[in-house]
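A structural walkthrough
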Amino acid sequence: MNHQARMRWRCRRGMLELDIVLQRFIDKHYARLDEHQHEQLETLLSLPDHDLWDMIIGNSDAPDKALKPLLKLLQQS
C-alpha cells in the first residue's frame, strides 16, 4: 500500500462530513504536498473528530499557527 492509499485509509473517520472533506482533500491536494505538509496532516488526523471539524469549519483555531495553511486547503476541499 502506497503512502497516499494509507493516508486515504487514515482519513476515514466517524463523522460523514469529515470523511467527505478529507477524501476530497486527499484527491485534490495530497500529491502536491511536501513532506512537512504530510507531517502536518498526520498531526491534524491525530485530533479528535469534533476538534478537527471545528477547525475546518472555522469554529476554532488551529493549535499551532503553522497548521493554518494546511487547514485553509482543507476548508477549500
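Before reading on, note that the structure itself is shown above.
So, here is what we can say about the structure in this document.

Assignment of secondary structure puts Lys68 in helix H5 (residues 68-76). In this structure the C-alpha to C-alpha distance between Lys68 and Phe25, which are 43 residues apart in sequence, comes to 15 Å.

This paragraph deals with the side chain of Asp19. Structurally, Asp19 can be placed in helix H2 (residues 16-29). Salt bridges are absent for the buried Asp19, whose nearest opposite-charge side chain, Arg12, sits at 5.7 Å. Asp19 has contacts with Cys11, Arg12 and Arg13, leaving out every residue within four places of it along the chain.

The next thing to look at is the pattern of salt bridges. Taken as a whole and assessed by the stated rule, the structure comprises three salt bridges. Of the charged contacts in the structure, one is a salt bridge between Arg8 and Asp27, with a shortest N-O distance of 2.7 Å. You can see Arg8 sitting in helix H1 (residues 3-10) and its partner Asp27 sitting in helix H2, a full 19 residues away along the chain. Taking relative accessible area as the criterion, Arg8 reaches 28% and is therefore assigned partly exposed.

Basis of the calculations
- Residue indices begin from 1 for each chain and proceed along its sequence in written order.
- Predicted model: local features are reported for residues with pLDDT of at least 70 only, side-chain atom pairs are reported and counted for 80 or more only, and whole-chain, interface and lining totals are derived from all residues.
- Based on all heavy atoms of the structure, the side-chain values leave hydrogens and waters out of the count.
- Secondary structure elements follow DSSP: runs of H or I no shorter than four residues count as helices, runs of E no shorter than two count as strands, and numbering proceeds from the N terminus.
- Only protein chains enter the accessibility calculation, which uses a 1.4 Å probe; a residue is then buried when its area is under 20% of its type maximum, exposed when over 50%, and partly exposed in between.
- In this count, Lys and Arg are taken as positive residues and Asp and Glu as negative ones, while His and the chain termini are left out.
- By definition, a salt bridge exists where a carboxyl oxygen of Asp or Glu is found within 4 Å of a side-chain nitrogen of Lys or Arg.
- Every residue pair with non-hydrogen atoms within 4.5 Å of one another is taken to be in contact.

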